[in-house]
Every structure is written in structure tokens, then in C-alpha cells.
Amino acid sequence: GENEWAEVIFIIDVVLLNAILGVVQESKAEAMVETLYHHFVDHPEQLPAEYRDHLAEEGVARVVCDYISGMTDRYAIEVYEDMFVPRVWRGLRE
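Residues numbered from 1 in each chain as written. Predicted model: local features only at pLDDT ≥ 70, side-chain atom pairs only at ≥ 80, totals over all residues. Heavy atoms only, no water.

## Some points on the overall build of the protein
Along the protein, the regular secondary structure elements total six helices and zero strands. The helix and strand sequence of the protein, counted from the amino end, reads α-α-α-α-α-α. Against the compact-globule benchmark of 12 Å for 94 residues, the protein has a radius of gyration of 20 Å, which places it well outside the compact range. Considering only contacts in the protein between residues 6 or more positions apart, those separated by 24 or more positions represent 47%. Side-chain charges of the protein comprise 7 positive and 19 negative groups, with the mean position of each set lying 9 Å from the other. (Helix = DSSP H or I, 4+ residues; strand = E, 2+ residues; numbered from the N terminus. Rg over C-alpha atoms; globule rule 2.2 N^0.38 Å. Contact = heavy atoms within 4.5 Å. Lys, Arg positive; Asp, Glu negative; His and termini not counted. Charge placed at Lys NZ, Arg CZ, Asp CG, Glu CD.)

As C-alpha cells, then:
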């Protein structure tokens, strides 16, 4: 009946909304990783010491990729925020 059809429409809306939000989140994540990559390639001195030790033998791009690929999502966000989000703004969301 009509109620069943309304439920189907609702489910489709939820699935589509989640798919759209997933794409938006994915593009934000890609932009964040790209920003981190370029930042550390331009400023390898800001890498942790254990990564800086490998710069001469492996090259900046490889070391930066290794560093970023080893980050958890949460840690990558934390590093990004520490570098690019003013502390005052971070306090607003907490």
C-alpha cells in the first residue's frame, strides 16, 4: 500500500544521502592527504626524526608517502588540524 511505498522511498533517500555524503567525505579526505603530502615534501624538516633519517637514501617523496600511509585517520586529522586549523576555531566545535 501507500505506507510501504513511502518506506521504500525513505530507504532509497537514506541510501542516496549516505552515498552522497560518502563521496563528499572521501573527497575531503583526499584533499587533506594531498595537502599533508605537499606540506611535508616542502618542509621535510617537520617530519618525525625516524622518517627524516631516511631522506637521503629514499628521497623526500618516498619518505613522505611512508609517513602519511602509516597514519591512522584520526592521527592524520590531528596532524592536519595542528598545522592548518587555528586553535581558536578548534575550540568552537568542542
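There's more to say after this.
## Here we look at the layout of surface pockets
Where empty space is left in the structure can be found by rolling a water-sized probe over the atoms. By volume, the largest pocket is sized at about 180 Å³. Split by residue class, the lining of the largest pocket holds five nonpolar, one polar and two charged. (1 Å grid on protein atoms, 1.4 Å probe; cavity = no way out; pocket = protein on both sides within 12 Å on 5 of 7 lines; lining within 4 Å. Points joined across faces, edges and corners; volume = space filled by probe spheres on them. Nonpolar A, V, L, I, M, F, W, Y, C, P; charged D, E, K, R; others polar.)

## Here we look at the packing of aromatic side chains
Taken as a whole and judged by the stated rule, the model has three aromatic pairs. Between Phe-40 and Tyr-67 the ring centres are 5.3 Å apart and the planes differ by 85°, which places this aromatic pair in the edge-to-face class. Separated by 27 residues along the polypeptide, Phe-40 in helix α1 (residues 2–42) and Tyr-67 in helix α4 (residues 60–69) bring together distant segments of the chain. Pair check on accessibility: Phe-40 and Tyr-67 agree, each one buried. Among the aromatic residues, ring-to-ring pairing joins Phe-40, Tyr-51 and Tyr-67 into one connected group. (Phe/Tyr/Trp six-rings, centres within 6.5 Å; stacked < 30°, edge-to-face > 60°. Buried < 20%, exposed > 50% of the residue type's maximum accessible area, 1.4 Å probe, protein only.)

## Some details on the environment of Glu-58
Here Glu-58 lies in helix α3 (residues 55–58). Its relative accessible area of 37% is what places Glu-58 among the partly exposed residues. Each residue touching Glu-58, except ones within four places of it in the same chain, is listed here: Val-63 and Asp-66.

## A short note on a negative patch on the surface
A surface patch of negative charge is lined by Glu-50, Asp-53, Glu-57 and Glu-58. Of note, Asp-53 is situated in the loop between α2 (49–52) and α3. (Patch = residues over 30% accessible without salt bridge, like charges linked within 9 Å, V, L, I, M, F, W, Y side chains within 5 Å. Areas by Shrake-Rupley, 256 points an atom, 1.4 Å probe, with all protein chains shown as cover. Salt bridge = Lys/Arg side-chain N within 4 Å of Asp/Glu carboxyl O.)

## Quick word on the environment of Val-41
With respect to the secondary-structure elements, Val-41 resides in helix α1. Taking the relative accessible area as the measure of exposure, Val-41 reaches 28% and is therefore partly exposed. A C-alpha to C-alpha distance of 43 Å links Val-41 and Ile-12, two positions 29 residues apart in sequence. Leaving out residues up to four positions away in the same chain, Val-41 has contacts with Val-60 and Val-64.

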